[in-house]
Amino acid sequence: MTRSLVVFASMAAVGSILMLSTQTSGAVEINTSAKTSAKMNANAKVTTAAIRMQPHRLVVQVDVNDPATINLALNNVSNVAQHYSEIGQKVGIEVVVFGPGLHMLRDDTSPVKARIKSMSETMPQLTFSACGNTRENMAKAEAKDIPLIPQAKVTKSGVVRIMELQERGWSYLRP
């Protein structure tokens, strides 16, 4: 008898909760997967809206003197810039070069300096950073000044620059 009373009381409590839920929301939600899906869609919309308010940011590492890799990096940069332009969102892109990759930004050895010039003219959100440590080491090894293309800015350390950008939430790409 006591067991029946407990079961009855539990059922009455559940019934009361359902009644209150119906009165406040106007309907009882039976399909919980639809409810979960609706919540997920609402969350996705909120997340997407929040992302649109701040620009996307990408740092691209180039540390090899290989024309194919250098061109792949520039292709990736172009694709990212085009994608966000097409959907009306902002993106900041910084290409950081160090080690043998410095040849990408050297005025005397760059296989892509004309392409970089063209890209810089059409993409104001694009910057190129050259590692100062690498430049100094190349200057010592070659016993001459290392000329950089006008689009390059010098940063003390390319690796440190990438690390600091990542710490600030930039996405990282190494083609």
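Being a predicted model, the structure only gives us computed values, none of them experimental. (Residues numbered from 1 in each chain as written. Predicted model: local features only at pLDDT ≥ 70, side-chain atom pairs only at ≥ 80, totals over all residues. Heavy atoms only, no water.)

### Thoughts on the sheet that holds strand β1 (residues 56-62)
1) Next: Taken together, five strands build an open sheet; the order of strands is β4-β3-β2-β1-β5 and the sheet is parallel. Edge positions in the sheet fall to β4 (152-155) and β5 (171-173), since each has one partner strand and no second. Between one strand axis and the next, the sheet turns by 30° as a mean value, whatever way the strands run.
2) Next: Looking at chain direction, β1 and strand β2 (residues 91-97) are connected through seven bridges and run parallel. (Pairing = 2+ DSSP bridges. Helix = DSSP H or I, 4+ residues; strand = E, 2+ residues; numbered from the N terminus. Axes fitted to C-alpha atoms, helices over the stretch in contact; angles between N-to-C directions.)

### Some remarks on helix α6 (residues 158-167)
1) Next: Looking at α6, one finds that the buried residues are Gly158, Arg161, Ile162 and Leu165. Down the axis of α6, the smallest arc covering the buried residues is 95°, so these residues share one side.
2) Next: Here the buried face of α6 lies against β1, β2, β3 (126-131), β4 and β5.
3) Next: In the stretch just after α6, Gly169 is the one whose phi turns positive, near 95°. (Buried < 20%, exposed > 50% of the residue type's maximum accessible area, 1.4 Å probe, protein only. Arc of directions from axis to C-beta. Contact = heavy atoms within 4.5 Å.)

### Some remarks on the environment of Val95
1) Next: Along the polypeptide, Val95 turns up in strand β2.
2) Next: On the basis of relative accessibility, which here comes to 1%, the residue Val95 falls in the buried class.

### Examining the environment of Asp107
1) Next: Positionally, Asp107 belongs in the loop between β2 and α4 (113-122).
2) Next: Accessibility expressed as a relative area gives 33% for Asp107, which makes it partly exposed.
3) Next: When the C-alpha atoms of Asp107 and Ile149 are compared, they prove to be 4.7 Å apart, with 42 residues separating the residues in sequence.
4) Next: Non-local contacts of Asp107, meaning those with residues more than four positions away in its chain, are made with Lys113, Pro147, Leu148 and Ile149.

### A closer look at the nonpolar core
1) Next: Within the largest apolar cluster, 28 residues are counted, with the highest numbers of intra-cluster contacts made by Val95, Met104 and Leu105.
2) Next: Taken together, the elements giving at least two residues each to this core come down to β1, α3 (67-86), β2, α4 and β3.
3) Next: No other element matches the six residues that α3 contributes to this core.
4) Next: Apart from the residues lying within four places of it in its own chain, the contact partners of Leu105 are Val97, Ile116, Phe128, Ser129, Ala130, Pro147, Leu148, Ile149 and Ala152. (Core = buried A, V, L, I, M, F, W, Y, C linked by side-chain atoms within 4.5 Å.)

### A few points about the pattern of salt bridges
1) Next: According to the stated counting rule, one finds seven salt bridges in the structure shown.
2) Next: Between Glu94 and Arg161 there is a salt bridge whose closest N-O contact spans 2.7 Å. Residue Glu94 is located in strand β2, and its partner Arg161 is located in helix α6; the two are separated by 67 residues in the primary sequence. Of the two residues, Glu94 and Arg161, both sit in the buried class.
3) Next: Via salt bridges that share partners, Arg106, Asp108, Glu142 and Lys144 belong to a single interconnected network. (Salt bridge = Lys/Arg side-chain N within 4 Å of Asp/Glu carboxyl O.)

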